[in-house]
Amino acid sequence: MSQSSDLIQSAQRTVRLEAQAVQGLMAHIDADFVRACEMILASKGRVVVVGMGKSGHIGNKIAATLASTGTPAFFVHPAEASHGDMGMITREDVILALSNSGSTNEIVTLLPLIKRLGIQLISVTGNPQSPLAKAAEVNLNVQVEHEACPLNLAPTSSTTAALVMGDALAVALLEARGFTAEDFAFSHPGGALGRRLLLKVENVMHAGDELPQVQRGTLLKDALLEMSRKGLGMTAVLEADGKLAGIFTDGDLRRTLDRNIDVHSAVIDQVMTVHGKTARAEMLAAEALKIMEDNRINALVVVDAEDRPVGAFNLSDLLRAGVM
């Protein structure tokens, strides 16, 4: 029991110290932070993130976050930069260099070349008086009072602070650029989020000969045959002018049978849902899904600007498309 208590106390102390480190960043979101944002926004190149060791791992994540939120960025290992990878960096780029001490040898070695090429430099350090901070056009101060490591040695609070500063930078730039959810989706086309934000109703609906449809006055038995042929569990019902009159679904059929209506003699007009909920082809599939969830329905008719059916789809179509 004593060991369990010690483990819990250790973990809680770590969380508390790292939370304090993050809270301490509030004082450092200042004019220097604004200058860093302005430099990146004005740049015609990319943000090149560099960092060694644990700072390198944090730098990799910051570069990925920047790139996925509208700021072209990539990570370069500073040791590799000294052996050829410096050629990946252009004069139009901005270098974002992470080093808690501000004196990491592999990064300091690059400073004369960075200055000679006239590349703008933003440092992220815990020591504003360090060689890296002094060489930079602007320094983002991520100084922490204590590492969460009880020896005050292993990078813990400091790397958390650097990561959060990177997130703050990425989000501030995102908002300054007017980056939208659709823009985000284009950076994540392979993920579930990308599918939800990019896929439109027209990409999942059944159209043309695949659209189940019957005219007003059609016998219910014939409407059921149309539903069976098209396999969507529903059919649109059309007015004489081609506009949507209603919809008939598997759910309507169950309710019809409960009312003891003769399916051989009944007309579709007697049992259909008048008009019903609809979608538009240009609507996001995720929006259509919300309509279905809010109204507890399994299928939607897609109509054009004149309320004429142009397609239909059901929950199974959205499931196959990865929208849900």
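Just so it is clear, the structure is predicted and the values come from calculations on it, not from any experiment. (Residues numbered from 1 in each chain as written. Predicted model: local features only at pLDDT ≥ 70, side-chain atom pairs only at ≥ 80, totals over all residues. Heavy atoms only, no water.)

A.B. asks: I would appreciate a short explanation of the nonpolar core in the present structure.
C.D. replies: What tends to happen in soluble globular proteins is that the nonpolar side chains get buried as a cluster. L66, L96, L98, I122 and L169 are the most contacted members of the largest nonpolar core, which has 29 residues in total. For this core, the secondary-structure elements that each account for two or more residues are α2 (31-42), β1 (47-51), α3 (53-68), β3 (94-99), β4 (120-125), β5 (138-141) and α8 (157-177). The dominant element in this core, judged by the number of residues it contributes, is α8, at six residues. With sequence-adjacent residues up to four places away left out, I122 is seen in contact with A36, M39, I40, V94, I95, L96, A97, A136, V138 and L140. (Core = buried A, V, L, I, M, F, W, Y, C linked by side-chain atoms within 4.5 Å. Buried < 20%, exposed > 50% of the residue type's maximum accessible area, 1.4 Å probe, protein only. Helix = DSSP H or I, 4+ residues; strand = E, 2+ residues; numbered from the N terminus. Contact = heavy atoms within 4.5 Å.)

A.B. asks: Whenever I open this one, empty space enclosed by the protein confuses me. Can you help?
C.D. replies: Empty space among the atoms becomes apparent when a probe as large as a water molecule is rolled across them. If you walk through the whole model with that rule in mind, you get two cavities of 30 Å³ or more. Computed from the structure, the largest cavity encloses a volume of approximately 50 Å³. The wall of the largest cavity is formed by V50, M86, I89, I95, A97, I107, L110, L111, I114, L121 and L132. Where the lining of the largest cavity is concerned, the elements lending two or more residues are β3 and α6 (111-117). Looking at the lining of the largest cavity, its residues break down into eleven nonpolar, no polar and no charged. Considered as a void within the structure, the second largest cavity measures approximately 30 Å³ in volume. The wall of the second largest cavity is formed by I62, L96, V124, L140, A162, M165, G166 and L169. Ranked by the residues each element gives to the lining of the second largest cavity, the list is headed by α8, at four residues. For the lining of the second largest cavity, the residue count by class is seven nonpolar, one polar and no charged. (1 Å grid on protein atoms, 1.4 Å probe; cavity = no way out; pocket = protein on both sides within 12 Å on 5 of 7 lines; lining within 4 Å. Points joined across faces, edges and corners; volume = space filled by probe spheres on them. Nonpolar A, V, L, I, M, F, W, Y, C, P; charged D, E, K, R; others polar.)

Coordinates in, geometry out; function isn't part of it.
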